[in-house]
Amino acid sequence: MDDARSPGSSTTADSATEVQDFVSDLMMDPDREQVASEIMVLQSIYGDDAVQLWKASDSSSTHTTSRVGGASGSIRYVVSLSLPSHDDVSIRILVSVPVSYPASSSPQLQLLSRYIGAFGIDSSLFGSILRTFISVSGVQWSPGTVCVFDGLQNVLERCERWYEERLSKGKANGLVREDSLARETTPTDATLQELVEDIVPVELPSGTALPEGVEIVEAEPIVDRKSVFVGRACRISHPSQVPLILDHLMSDRHVARATHPTINAWRCKVGNVLHQDNDDDGESAAGSRLAHLLSILEIDDVLVVVTRWFGGIHLGPDRFKHINHAARNALEAAGFLDLNEEAGKGGKALQKGRKR
């Protein structure tokens with residue numbers, strides 16, 4: 001039993017050491033000293049193991065690494081917390097700290113967990129957590145003050161309230177995992193069936209409607225050696241619309257059966273704060289490439305999605321070229337490139353793609 005646990009213990013120790021080394025580096029930079037101190041405070045409150053740096057894995061990451069020291073870039077780390085009244089229910093929160101925090105910008109919190117307990121999270125909860133520092137019902141932030149702890153506590157309270165409401169209403173909808181009962185009856189004898197049930201994903205709702213006013217434009221497909229790449233783009237007005245749009249696309253069976261259905265990147269301004277994120281959807285580094293494309297094109301308030309159907313022949317680096325071209329074609333078809341070129345000229349965008 002001890003031997004079986006040692007790899008996990010080693011990984012945990014490595015993560016804690018990595019955070020400690022990173023914090024030490026931050027302490028050397030006067031502009032990041034407050035951020036470093038805040039991370040140490042979070043560790044002292046929640047435990048050393050609760051805080052981990054957010055970074056991409058070598059093969060199946062959904063985000064690019066954001067472990068950046070000094071004042072050269074943003075910092076992202078993950079905090080794992082248990083609900084106050086439900087120690088067996090935990091959530092994972094991504095904390096994104098911009099370069100200008102805490103002097104002139106607030107951080108951003110994002111719920112990474114796809115479900116809380118037995119209940120799949122909804123867009124309302126996801127969106128409200130994104131708005132933690134910009135919503136009246138969230139946490140008030142003042143320039144020059146650190147606020148991540150207050151934000152995390154606010155998120156914990158909202159997640160616990162959300163979870164208890166669903167428990168009381170009995171809306172498990174058949175998704176309650178039977179492993180809880182199995183552990184109560186045989187706490188020291190985990191069976192293969194229990195382990196399988198532990199990792200069964202919560203299915204996304206089918207037929208999710210698009211947010212009001214959102215129109216997806218689909219570019220012509222790119223075909224190479226039987227692989228097909230299709231780009232789609234749409235204008236968004238708030239980050240909370242992103243999961244709804246992706247759910248809508250996944251409700252299409254043809255899209256859902258793709259090898260990589262929703263490689264995506266998005267940028268959205270809320271007030272003076274620019275929110276952005278990307279997802280590789282299993283195609284390593286593809287999401288970050290799309291994010292870089294949006295950045296160099298200086299396009300905001302947009303979501304771009306590329307779907308790839310693998311044709312059985314490996315394309316090598318060409319696949320990234322096609323993903324970028326599919327995305328750019330979608331942006332052009334939706335008028336984003338024309339709008340950038342015609343800014344200040346009163347020009348009207350020409351839409352060349354198919355609307356959904």
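Coordinates for the structure precede this section.
Note that the structure is a prediction, hence the values are computed from the model and not measured.

Remark: a regular strand shows side chains that alternate across the two faces of the sheet. With 7 bridges joining them, strand E10 (residues 260–270) and strand E11 (residues 273–279) adopt antiparallel strand pairing. In the strand pairing of E11, Arg 267 is matched with Gln 276.

Another aspect to go through is the pattern of salt bridges. Summed over the entire model, instances satisfying the criterion amount to 10 salt bridges. Of the charged contacts, one joins Asp 122 and Arg 166 as a salt bridge, the two residues approaching to 3.2 Å between their closest N and O atoms. With a gap of 44 residues between them, Asp 122 in the loop between strand E6 (119–120) and helix H3 (123–130) and Arg 166 in helix H4 (residues 148–169) connect regions that are remote in the sequence. Taking relative accessible area as the criterion, Asp 122 reaches 27% and is therefore assigned partly exposed.

The subject of this paragraph is unusual backbone geometry. With an omega dihedral of 0°, the bond running from Tyr 101 to Pro 102 counts as a cis peptide bond. Along the chain, the position of Pro 102 falls in the loop between strand E3 (86–97) and strand E4 (108–111). Here the phi dihedral of Asp 281 falls at roughly 50°; this positive angle occurs in a residue that is not glycine. As for its position among the elements, Asp 281 is in the loop between E11 and helix H9 (286–297). On the basis of relative accessible area, Asp 281 is assigned to the partly exposed category, the value being 22%. Even without being glycine, Asp 301 reaches a positive phi, approximately 55°. Tracing the chain through its elements places Asp 301 in the loop between H9 and strand E12 (302–309). A residue is classified by how much of its surface remains accessible, and Asp 301, at 23% relative accessible area, is partly exposed.

We now examine the environment of Ala 333. Mapped onto the elements, Ala 333 comes out in helix H10 (residues 318–333). Under the relative-accessibility criterion, Ala 333 is labelled buried at 4%. Through-space distance from the C-alpha of Ala 333 to that of Glu 218 is 7.4 Å; in sequence the pair is 115 residues apart.

Moving on to a nonpolar patch on the surface. Together, Val 41, Ile 45 and Phe 149 give the surface a local cluster of nonpolar side chains, amounting to about 230 Å² of exposed area. Within the fold, Ile 45 resides in helix H2 (residues 33–46). Taking relative accessible area as the criterion, Ile 45 reaches 44% and is therefore assigned partly exposed.

With that settled, the discussion passes to the environment of Phe 22. Turning to its location among the elements, Phe 22 is positioned in helix H1 (residues 2–27). Its relative accessible area of 3% is what places Phe 22 among the buried residues. Considering only alpha carbons, one finds Phe 22 and Leu 53, 31 residues apart in sequence, at a separation of 8.7 Å.

With respect to the helices and strands, the residue Thr 132 is situated in the loop between H3 and H4. The class for Thr 132 is buried, based on a relative accessible area of 1%. Among the polar contacts made by the side chain of Thr 132, one reaches the side chain of Arg 158 at a distance of 2.9 Å. With sequence-adjacent residues up to four places away left out, Thr 132 is seen in contact with Leu 109, Gly 138, Val 139, Gly 151, Asn 154, Val 155 and Arg 158.

What follows covers the pairing of strand E2 (residues 75–83). Of all 9 residues in E2, 7 are buried, a share of seventy percent or more. Pairing analysis gives 3 bridges linking strand E1 (residues 51–53) to E2, with the strands arranged antiparallel. Bridge assignment links Leu 53 to a residue of E2, and that residue is Tyr 77. The pairing of E2 with E3 spans 9 bridges and is antiparallel. Residue pairing in the sheet places Leu 81 in a bridge with Ile 91 of E3. Following E2, the chain reverses through 2 residues before pairing antiparallel with E3.

Attention now goes to the sheet that holds E2. Backbone-to-backbone hydrogen bonds pair the strands of a sheet. The strands run either parallel or antiparallel. Ordered by their spatial adjacency, 4 strands build an open sheet running E1-E2-E3-E4, and the pairing between neighbours is antiparallel. Because the sheet does not close on itself, it has two edges, and the strands there are E1 and E4. Recorded for the sheet is a direction-independent mean angle of 30° between the axes of neighbouring strands. Each of E2, E3 and E4 is contacted by H4, which is oriented at about 140° to E3, the strand it contacts most.

The next subject is the side chain of Asp 224. On the secondary structure map, Asp 224 appears in strand E8 (residues 222–224). A relative accessible area of 15% places Asp 224 in the buried class. A polar contact is formed between the side chain of Asp 224 and the side chain of His 322, at a distance of 2.7 Å. Leave out the neighbours within four places in its chain, and Asp 224 touches Leu 315, Asp 318 and His 322.

Attention shifts here to the nonpolar core. Within soluble globular proteins, side chains that are nonpolar tend to cluster in buried spots. Among the nonpolar cores identified, the biggest contains 38 residues, and Tyr 77, Ile 91, Ile 116 and Leu 152 are the most heavily contacted of them. Counting residues per element, the ones that place at least two in this core are H1, H2, E1, E2, E3, E4, H3 and H4. Considering every element that reaches this core, the biggest residue donor is H4, with 7 residues. When near neighbours in sequence (up to four residues on either side) are disregarded, Ile 116 contacts Leu 83, Val 89, Ile 91, Leu 111, Ile 121, Leu 125, Cys 159, Trp 162 and Tyr 163. Counting residues in each nonpolar core, the second largest holds 28 residues, with Leu 293, Ile 299, Val 304 and Phe 320 among its members.

Rules behind the numbers
Residues numbered from 1 in each chain as written. Predicted model: local features only at pLDDT ≥ 70, side-chain atom pairs only at ≥ 80, totals over all residues. Heavy atoms only, no water. Pairing = 2+ DSSP bridges. Helix = DSSP H or I, 4+ residues; strand = E, 2+ residues; numbered from the N terminus. Salt bridge = Lys/Arg side-chain N within 4 Å of Asp/Glu carboxyl O. Buried < 20%, exposed > 50% of the residue type's maximum accessible area, 1.4 Å probe, protein only. Patch = residues over 30% accessible without salt bridge, like charges linked within 9 Å, V, L, I, M, F, W, Y side chains within 5 Å. Areas by Shrake-Rupley, 256 points an atom, 1.4 Å probe, with all protein chains shown as cover. Polar contact = N/O pair within 3.5 Å; in protein donor to acceptor, adjacent residues only side chain to side chain. Contact = heavy atoms within 4.5 Å. Axes fitted to C-alpha atoms, helices over the stretch in contact; angles between N-to-C directions. Core = buried A, V, L, I, M, F, W, Y, C linked by side-chain atoms within 4.5 Å.

By themselves, these figures tell us nothing about what the structure is for.
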